[in-house]
Amino acid sequence: MTHRPLHLLLGVTGGIAAYKTAELIRLLVKHGHSVQVVMTEAATHFITPTTLQALSGNPVFVDSWDQRISNGMPHIELSRKADAILIAPASADFIAKLAHGFANDLLSTLCLARECPLMVAPAMNRQMWENAATQRNVTQLQQDGITILGPDSGEQACGEIGQGRMLEPEDLLEGIEAFFTPKLFAGKKILITAGATMEMLDPVRGITNISSGKMGYALARVALRMGAEVTVVHGHTYAACPSVTQDIFAGSAQAMYQTVMQHVASQDIFIGVAAVADYRPEVSSTQKIKKSEETLTINLIKNKDILADVASLPNPPYCVGFAAETEHVLDYAQQKRVAKRIPMIVANHASTAMGSDQNTVTIIDEQGNHSLETDTKENIAYKLLSYINTKVT
Ligand code: C5P
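Residues numbered from 1 in each chain as written. Predicted model: local features only at pLDDT ≥ 70, side-chain atom pairs only at ≥ 80, totals over all residues. Heavy atoms only, no water.

## Structural notes on the overall build of the protein chain
Within the protein chain, the secondary structure is distributed over 14 helices and 21 strands. In terms of overall dimensions, the protein chain has a C-alpha envelope of 80 × 50 × 40 Å along the principal axes. Residue burial in the protein chain is summarised as follows: out of 393 residues, 48% are buried. Long-range pairs, those at least 24 residues apart, make up 66% of the contacts in the protein chain between residues at least 6 apart in sequence. Of the roughly 18,800 Å² that the protein chain leaves accessible, carbon and sulfur atoms contribute 51%. (Helix = DSSP H or I, 4+ residues; strand = E, 2+ residues; numbered from the N terminus. Buried < 20%, exposed > 50% of the residue type's maximum accessible area, 1.4 Å probe, protein only. Contact = heavy atoms within 4.5 Å. Areas by Shrake-Rupley, 256 points an atom, 1.4 Å probe, with all protein chains shown as cover.)

Take a look at the structure:
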């Protein structure tokens, strides 16, 4: 399974958050989805159809009587091509219309006539959101099988602070991706380590590995979409940790070891993606080391192997390791799988994997080697997790 390109019908209604739909369309298109925009007349007062046409690459529709649809039925034609309709922003007025089945403009008619799923991202002032009528209408939409994305809380355009902000475009994209991902891991708990540990020499210097955290975070994001309860223990990364069930920072190998051991007991799957430093300085100076000497000798001692120790627990989760190598990639990875006594290891070449949004990996398990085509780390995550799923169910 990989990320599936979708045909989305994006309905924009009249609210100040309509300006964010420009960014949302850009993101959706960047992720391979196609977007057909339909706006209410009120929405055109906040952002122009020309802007959204340019970003989506498709003509924007507002009017039920638009002559560009040859059979004169845009409310049927436009939604039949869509995998889903997303209303973002959804005003209080539009939510009320949906709750009651009104069909007095193109967008509301289209929603009533749809065959595909409908997702709604409310955006309004906090009082409008908290109003009993709006809450009643939202409950009605949920009962009608409509998915509600958000809203968020925080600062509002009117200057007030509270619930009612539209979710950010990245979160809306995540909501859509999650909606279309089969829940392979429903009821399962997955613990993932990501990023690099830093072994401090003194308060300002340390020994580390190069790791962006992107592969571990992609696995966490996709595992969450697949319905898992996801805990991420991360070191230093160059990427933002996705909104998972629980994320914990553990900067050093020792901190990561302790954190993993504290959380591993109830896990079904453990995936060690973090680049954990093999050694740490025997002594970490409490003050900054001065450059008084010509040479400096640092004594290094070995860190404990988190993955090997998790795998040797009495009732271990299904353990998956990663091996980034610069030579003899498959041989070294297989040796690690055996040495750490783990059922599966994912081999990748350090030079192509590090920091990149793409990866080329080979899964090695008791059945042999299984190479995956070069792909985005997100698609690799889909494939790896789908494969892991066949081992744990
Ligand atoms: O032995 P090596 O570091 O090359 O193995 C890589 C794999 O082992 C990765 O999955 C990494 O997260 C894990 N590892 C670990 N604890 C260590 C070193 C590596 O869990 N101390």
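Now that the structure has been shown, we can carry on.
## Re the site of the ligand
In the neighbourhood of the ligand, the contacting residues comprise Gly 272, Ala 274, Val 276, Asp 278, Lys 304, Asp 305, Ile 306, Leu 307, Gly 321, Phe 322, Lys 336 and Lys 340. Here a nitrogen atom of the ligand and a backbone polar atom of Lys 304 are 3.0 Å apart. At a separation of 2.9 Å, an oxygen atom of the ligand approaches a polar backbone atom of Leu 307. Look at the ligand: alone it shows 440 Å² of surface, and the protein chains cover 87% of it. (Near = heavy atom within 4 Å. Polar contact = N/O pair within 3.5 Å; in protein donor to acceptor, adjacent residues only side chain to side chain.)

## Description of the packing of helix H4 (residues 92–100) against helix H7 (residues 132–143)
To characterise two packed helices, one gives the angle between the axes of the helices and the distance between these axes. At a closest axis distance of 9 Å, the pairing of H4 and H7 adopts a crossing angle of 50°. The angle between H4 and H7 falls in the class oblique. The handedness of the crossing between H4 and H7 comes out as left-handed. Taken together, the residues of H7 that come into contact with H4 (itself represented by Ala 92, Ile 95, Ala 96, Leu 98, Ala 99 and His 100) are Thr 134, Asn 137, Val 138, Gln 140 and Leu 141. Classifying every residue of the contact of H4 with H7 by side-chain character gives seven nonpolar, four polar and no charged. (Axes fitted to C-alpha atoms, helices over the stretch in contact; angles between N-to-C directions. Parallel < 35°, antiparallel > 145°, perpendicular 65-115°, else oblique. Left-handed = near helix turned anticlockwise from the far one by under 90°. Nonpolar A, V, L, I, M, F, W, Y, C, P; charged D, E, K, R; others polar.)

## Things to note about the pattern of salt bridges
Any two side chains of opposite charge can pair, given that their charged atoms come close. Here the structure, examined in full by the defined rule, presents 19 salt bridges. For the salt bridge of Arg 205 with Asp 202, the shortest nitrogen-to-oxygen distance reads 2.4 Å. With relative accessibility at 1%, the residue Asp 202 sits in the buried group. With its nearest N and O atoms 3.1 Å apart, the salt bridge here joins Glu 378 to Arg 225. With Glu 378 in helix H14 (residues 377–392) and Arg 225 in helix H9 (residues 214–225), this residue pair connects regions lying 153 residues apart in the sequence. Via salt bridges that share partners, Glu 174, Arg 221, Arg 225 and Glu 378 belong to a single interconnected network. (Salt bridge = Lys/Arg side-chain N within 4 Å of Asp/Glu carboxyl O.)

## Some points on the sheet that holds strand S19 (residues 361–365)
Pairing within the open sheet is mixed, and its eight strands lie in the order S12-S11-S8-S13-S16-S17-S19-S20. The outermost strands of the open sheet, each flanked by one partner alone, are strand S12 (246–249) and strand S20 (368–371). Averaged over all adjacent pairs, the angle separating strand axes in this sheet is 15°, with direction ignored. Of the strand pairs in this sheet, strand S11 (residues 229–234) and S12 are connected by four bridges, and their pairing is parallel. Within the sheet, the bridge partner assigned to His 234 lies in S12 and is Phe 249. Running at roughly 150° to strand S17 (residues 344–349), helix H12 (residues 329–339) makes contact with strand S16 (318–325), S17, S19 and S20 of the sheet. (Pairing = 2+ DSSP bridges.)

## Observations regarding helix H8 (residues 169–179)
Those residues of H8 not exposed but buried are Pro 169, Leu 172, Leu 173, Gly 175, Ile 176 and Glu 177. Elements that come into contact with the buried residues of H8 comprise strand S1 (7–12), helix H1 (21–30), strand S3 (84–90), strand S4 (118–122), H9 and H14.

## Overview of the sheet that holds strand S2 (residues 34–39)
The strand order across the open sheet built from five strands is S2-S1-S3-S4-S5, with neighbouring strands paired in parallel fashion. The open sheet has two edge strands, S2 and strand S5 (147–148), and neither has a second partner. Bridge count for S1 against S3 is four bridges, and the pairing is parallel. Residue pairing for S3: Gly 11 is matched across the bridge by Ile 87. Each of S3 and S4 touches H4; the most contacted strand, S4, lies at about 150° to it. Contacting S1, S3, S4 and S5, H8 runs over the sheet at an angle of about 155° to S4.

Geometry only, nothing functional implied.
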